Number of protein chains: 2
Amino acid sequence: MVKILVDAMGGDNAPAAIVKGAAQALNADKDLKIVFTGKREEIEAELGKLSYDAARVEIVDCRDVIGMNDSPTEALRRGDSSLMKAFSILKKDDEACALVTAGSTGAAIAGGQILLGRIRGVKRAALCPAIPNSRGSVTLLCDCGANTECKPVMLCQFALLASAYAKVGFGISSPKVGLLNNGTEEHKGDALHQETYKFLSQMDGINFVGNIEGRDIMLGDCDVAVADGFSGNISLKSMEGCGKLVLGVMKKEFSASLRTKIGYLFLKKAIKNMRAQLDFEKVGGALLLGLKKVVVKSHGSSKPQTIAAAIANAANIYRGGLVPAVEKSLGSVDLNVFAAEEG
Amino acid sequence: MVKILVDAMGGDNAPAAIVKGAAQALNADKDLKIVFTGKREEIEAELGKLSYDAARVEIVDCRDVIGMNDSPTEALRRGDSSLMKAFSILKKDDEACALVTAGSTGAAIAGGQILLGRIRGVKRAALCPAIPNSRGSVTLLCDCGANTECKPVMLCQFALLASAYAKVGFGISSPKVGLLNNGTEEHKGDALHQETYKFLSQMDGINFVGNIEGRDIMLGDCDVAVADGFSGNISLKSMEGCGKLVLGVMKKEFSASLRTKIGYLFLKKAIKNMRAQLDFEKVGGALLLGLKKVVVKSHGSSKPQTIAAAIANAANIYRGGLVPAVEKSLGSVDLNVFAAEEG
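The following paragraphs examine the structure supplied in this document.

Thresholds applied
- Numbers given to residues run from 1 along each chain, matching the order in which its sequence is written.
- Chain labels run from A onward and ligand labels from 1 onward, assigned in the order the entries are written.
- It should be noted that, the model being predicted, local features are given only for residues of pLDDT at least 70 and side-chain atom pairs only at 80 or more, the latter also being counted only at that level, while totals for whole chains, interfaces and linings use all residues.
- Excluding hydrogens and water, the side-chain figures rest on all heavy atoms present in the structure.
- Stacked, edge-to-face and tilted labels apply to pairs of Phe, Tyr and Trp rings (six-membered ring for Trp) whose centres lie within 6.5 Å, assigned for plane angles under 30 degrees, over 60, and everything in between, in that order.
- Runs of E in the DSSP output that reach at least two residues are strands. Runs of H or I that reach at least four are helices, and both are numbered from the N terminus.
- A simple rule labels every residue: compare its accessible area, found with a 1.4 Å probe on the protein chains alone, to the largest value its type can have, and call it buried under 20%, exposed over 50%, or partly exposed in between.
- For the purpose of charge, His is not counted, nor are the chain termini; Lys and Arg are scored as positive and Asp and Glu as negative.
- The term salt bridge refers to a side-chain nitrogen of Lys or Arg lying within 4 Å of a carboxyl oxygen of Asp or Glu.
- Pairs of N or O atoms are called polar contacts if they sit within 3.5 Å, as long as, within protein, a hydrogen donor faces a hydrogen acceptor (for residues adjacent in sequence, only side-chain-to-side-chain pairs).
- In what follows, a contact means two residues having at least one pair of non-hydrogen atoms within 4.5 Å.
- Least-squares superposition aligns the copies on the C-alpha atoms of those residues with pLDDT at or above 70 in both.
- Here, strands pair whenever DSSP counts at least two bridges between them.
- Only the contacting stretch of a helix is used when fitting its axis, a line to C-alpha atoms as for every element, and angles between N-to-C directions run 0 to 180 degrees.
- Oblique is the label for any angle not under 35 degrees, not over 145, and not in the 65 to 115 range, which are roughly parallel, roughly antiparallel and roughly perpendicular in turn.
- Note: crossing handedness is left-handed where the near helix turns anticlockwise from the far helix by less than a right angle, and right-handed where it turns clockwise.
- Asp, Glu, Lys and Arg are counted as charged, while Ala, Val, Leu, Ile, Met, Phe, Trp, Tyr, Cys and Pro are counted as nonpolar; the rest, among them Gly, fall into the polar class.

## A look at the packing of aromatic side chains
By the definition in use, this model includes six aromatic pairs over all chains. An angle of 75 degrees between the planes, with centres 5.4 Å apart, marks the rings of Tyr197 of chain A and Phe208 of chain A as edge-to-face. Residue Tyr197 of chain A is located in helix H7 (residues 191-202), and its partner Phe208 of chain A is located in strand S9 (residues 207-212); the two are separated by eleven residues in the primary sequence. Given a relative accessible area of 14%, Tyr197 of chain A falls into the buried group. Judged by relative accessible area, which is 18%, Phe208 of chain A ranks as buried. A centroid spacing of 6.0 Å and a plane angle of 10 degrees characterise the contact between Phe266 of chain A and Phe266 of chain B, whose relative ring orientation is stacked. Of the two residues, Phe266 of chain A is situated in helix H10 (residues 258-277) and Phe266 of chain B in helix H10 (residues 258-277); the pairing between them involves two chains.

Right under this line is the structure:
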């Protein structure tokens, strides 16, 4: 039985969308158990509307909810919040395998690093979403916002962490790793990226293919795009904004006249296919990599099916053995060499 | 008469697309004069295929062409190249108003800063494309790759430069300026962005609206997005990649079956409208801001109509008085205060 903690109160549509999504996940996977953290009466009210296997659901009552604008430091102090309570249980309960939240990213990173803890040897946890690409698969963008300021050794670890995720989550035996930079030539970028390029070129245990540009995340041939959290975040949000605008303009133009509306009827399924291929949430949630257990951050605006996908993704990655894979991968590389070199 | 230098040999489709685009621009604007730099016989061969007013065309023969992979330093040494020759003429000829090239960005930046020179007081030139946005207008993204490593005073100048462009090029009286960051809160970002936020908040002469995220470039309410050249470049290329993927998937899905092909016939015009609204080249080329004359960098893969738009944009901005506007704007702000503060 895979036991997953679900922060019932996190995100814009909580608790309704969260509880509904979790019930969908339970119905789809008979070997799943869900532990909700949050306001018992609200969770029960939502559960009351649904059909699910009550024997595989537990509620841990807590009264506090971390808001999207609360600082991570503030969030950490609130042990009775649905998110921090979930992290505490995940840490203590040997049977608990994973945590899913649609709450504040900053609070999830803080809770993950402080309450749950990092895998031995990991310098920093990293946020790693899966971006749809032109090959019909996904590119893992790591880091994407957990670490504003990075050192080369951190970026090298991100390469290892995301490679382990690509292997375990997507069955890619030798994931291609690119370094997100402002050009493909070796000398490109600032000192951080030049140093990182050098280190990644020398590293065992990863399949480094060189620098990549922003457009290569969606159009290129990489499985993993390694980024500092600052430019990774800007890249992700720039792509999201573009995708949203294109779909918005399409919607507007396709509903502009009777003629276009007729055309739309013929293309309805094609547009649905198109949206599915370009869905930034096609893989449920972003992983918080480097932590002692599986943690999945789902989008704040998650709908039930997004939450269900995030829970399924968390279970899949737990079963695939993400944490042992990261441990093995880290053990095989002596990153202290790089750490010493950078002083 | 507005006299514009055109690098006939720069870009993937040179000289054919360049010469053809320039002829289109000449035909559309009777007060334009074009001076081509490049291989005379090749330019003449292309001109021979076209109808245009020969009295407003001049060719300066030069034998060398800078490749897309030549380093900027190497490019600067090649005075007989079409691009460097154009910069030399632009510098010396008082009648020459602007330069348009589809050649190497790095070489154009180097030629602009070294051969043409910066406006007095400008620390660094910046590359500034116009990104289509959800308001049906454009967001100016500055800098977008000319400066990998930046200081706060540079970012403050980018705000002034791009604001002047927004006024002169798009008639926006008080352009809204956002700072591209990894979150909207004041404390977001690394030391560079935190410092810059502080300076921009205090600066006269710009309408600073605070931090913006990557998605706000295309979806938000800013006229100018100020960025360090590293993350600005990654943002631009991430958006370009996403846009290209979405249109690619759409094309594939819409031509998948007889049914979708029929739908496409009804939507042909709507899709054309959509493409026009989302065209990254809808404003011809990216401006190189901060230089003593108008310099427009067109995409390497520019087609004739892109070149024609870039030439029209250059003439428009020259007539609007971009350089005097930048001079006035810089004169009104004492950036030495910030420079002193940052040491």
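There is more to say after this.
## Focus on the side chain of Lys293 of chain A
Residue and element names in this part refer to chain A. Relative to the assigned elements, Lys293 resides in the loop between strand S11 (286-289) and strand S12 (294-297). For the buried residue Lys293, which engages in no salt bridge, the nearest side chain bearing the opposite charge is Asp94, 5.1 Å off. Only 2.9 Å separates the side chain of Lys293 from the backbone oxygen of Asp93, close enough to count as a polar contact. Within the structure, Lys293 has its side chain in polar contact with the backbone oxygen of Ala96 (distance 2.9 Å). Setting aside residues up to four positions removed in sequence, Lys293 forms contacts with Leu90, Asp93, Asp94, Ala96, Cys97, Leu116 and Val323.

## Some points on the relation of the copies chain A and chain B
At an RMSD of 0.0 Å, chain A and chain B line up after a rotation of 180 degrees and a shift of 0.0 Å along the axis. Those values place the two copies in the arrangement expected of a two-fold rotation axis. Of the C-alpha atoms belonging to chain A, the one lying closest to the rotation axis is found on Gly263 of chain A, 2.1 Å away. In this assembly, 100% of the residues forming the interface of chain A have copies in chain B that are likewise at the interface, indicating an isologous arrangement.

## Observations concerning the sheet that holds strand S4 (residues 96-101) of chain B
Residues and elements named next belong to chain B. The sheet built from seven strands is open, its strands ordered S3-S2-S1-S4-S12-S11-S5 with mixed pairing. The outermost strands of the open sheet, each flanked by one partner alone, are strand S3 (57-61) and strand S5 (126-128). Neighbour-to-neighbour, the strand axes of the sheet open up by a mean angle of 25 degrees, direction not taken into account. Here four bridges tie S4 to strand S12 (residues 294-297), and the two strands are oriented parallel to one another. For Ala98, the partnering residue across the bridge sits in S12 and is Val294.

## Here's the deal with the packing of helix H6 (residues 152-170) of chain A against H7 of chain A
A pair of packed helices is characterised by two quantities: the angle between their axes and the separation of those axes. Residues and elements named next belong to chain A. In contact at an axis separation of 9 Å, H6 and H7 are set at 50 degrees when each is read in the N-to-C sense. In terms of orientation, H6 and H7 fall into the oblique class. Here the hand of the crossing between H6 and H7 comes out right-handed. Across the interface between the two elements, Pro152, Leu155, Cys156 and Ala159 of H6 pack against Leu192, Glu195, Thr196, Phe199 and Leu200 of H7. A breakdown of the residues in the contact of H6 with H7 according to their chemical character gives seven nonpolar, one polar and one charged.

Geometric descriptors of this kind do not, in isolation, establish any biological role.
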